[in-house]
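Report on the structure
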Amino acid sequence: MYNFCRSVVTVVLVLLISTVDAEVWTMSIGGTNLNLANIVFYKNSVVKTPITTTMSSTYNSGVVGLCFDGDPDTFCITAWATAATISATVDDFDTIVVTNRTPDVMDRINGATMTVTNSSAAVVYSSTFVGAHATYTFVLGPTAAPTPAPTVIPTANPIANPTVHPTSHPTV
């Protein structure tokens with residue numbers, strides 16, 4: 001009986017560990033008319049493949065998959081809209097490289113915003129595309145863990161000889 005129970009517990013632990021996935025984040029680029037050649041995600045310099053990709057609209061044959069095919073000579077293109085978006089869901093990435101389209105339409109990305117949200121839809125990163133560049137690299141910094149308790153604010157005028165025990169009436 002003891003060996004059987006231990007085996008069951010081991011199996012359960014392995015199943016629990018194997019079902020823990022990395023954080024899944026969603027990246028969205030929003031602008032008026034988006035014309036992009038490539039969007040590539042990396043984790044520790046390793047390319048990450050999106051789980052899903054979507055685009056708010058499509059102009060001609062510029063479908064969303066062309067932004068994620070690795071070919072800088074193909075483009076995804078949204079129709080003119082006040083809220084055009086290209087989105088991708090990717091598990092655990094730290095860098096996004098966006099390759100702009102050819103020089104004649106490079107300025108269309110200027111002013112567009114990129115937002116990265118976690119699985120709870122909380123914004124973990126946001127940036128604006130500034131200027132007309134061939135590529136844009138966004139590095140998501142590490143997130144600090146919350147402190148278990150509020151940080152004590154030091155007094156503005158510390159005394160030279162601190163007391164061992166707190167006073168009954170704290171000073172302000």
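Please refer to the structure placed before this passage.
Residues numbered from 1 in each chain as written. Predicted model: local features only at pLDDT ≥ 70, side-chain atom pairs only at ≥ 80, totals over all residues. Heavy atoms only, no water.

Tallying each qualifying case throughout the model produces 6 aromatic pairs. Ring geometry for Phe41 and Phe93: centres 5.0 Å apart, planes at 65°, overall edge-to-face. In this pair, Phe41 is assigned in strand β2 (residues 35-43) and Phe93 in the loop between β6 (84-91) and β7 (95-100), connecting sequence segments 52 residues apart. Summarising the burial analysis for this pair, Phe41 and Phe93 share the class buried. Ring centres of Tyr125 and Phe138 lie 6.4 Å apart, and the angle between their planes is 70°; this geometry places the pair in the edge-to-face category. With a gap of 13 residues between them, Tyr125 in strand β9 (residues 123-128) and Phe138 in strand β10 (residues 135-139) connect regions that are remote in the sequence. The exposure class of Phe138 is buried, given its relative accessible area of 6%. Put simply, the rings of Trp25, Phe41, Phe68 and Phe93 pair up and form one aromatic cluster. Positioned above the aromatic ring of Phe75, the side-chain terminus of Arg101 is 4.6 Å from the ring centre. (Phe/Tyr/Trp six-rings, centres within 6.5 Å; stacked < 30°, edge-to-face > 60°. Helix = DSSP H or I, 4+ residues; strand = E, 2+ residues; numbered from the N terminus. Buried < 20%, exposed > 50% of the residue type's maximum accessible area, 1.4 Å probe, protein only. Lys NZ or Arg CZ within 6 Å of the ring centre and 35° of its normal.)

So, on to the state of the cysteines. Inspection of every chain in the model, using the stated rule, returns 1 disulfide. The partner cysteine of Cys67 in its disulfide is Cys76, sulfur to sulfur 1.7 Å. For the disulfide bridge between Cys67 and Cys76, the dihedral angle about the S-S bond is near -45°, and by the sign convention the bridge is left-handed. Cys67 gets classed as buried once you look at its relative accessible area, which sits at 0%. (Disulfide = S-S within 2.5 Å.)

Right, let's get into the sheet that holds β6. Spatial strand order, β4-β6-β1-β8-β9: 5 strands in an open sheet with antiparallel pairing. Bordering the open sheet on either side are β4 (52-55) and β9, each of which pairs with just one other strand. The average undirected angle you get between the axes of adjacent strands in this sheet is 10°. As paired elements, strand β1 (residues 24-31) and strand β8 (residues 113-117) share 5 bridges and run antiparallel to each other. Residue pairing across strands places Thr26 opposite Thr117, the latter belonging to β8. (Pairing = 2+ DSSP bridges. Axes fitted to C-alpha atoms, helices over the stretch in contact; angles between N-to-C directions.)

What follows covers the side chain of Thr74. The residue Thr74 is located in the loop between β4 and β5 (76-77) in this model. A distance of 2.7 Å separates a polar atom in the side chain of Thr74 from a polar atom in the side chain of Asp69. Of the polar contacts made by the side chain of Thr74, one reaches the backbone oxygen of Asp71; its length is 3.1 Å. Sequence-distant contacts of Thr74, that is, excluding residues within four places in its chain, are made with Leu36, Ala37, Leu66 and Asp69. (Polar contact = N/O pair within 3.5 Å; in protein donor to acceptor, adjacent residues only side chain to side chain. Contact = heavy atoms within 4.5 Å.)

Distances and angles like these do not, on their own, reveal function.
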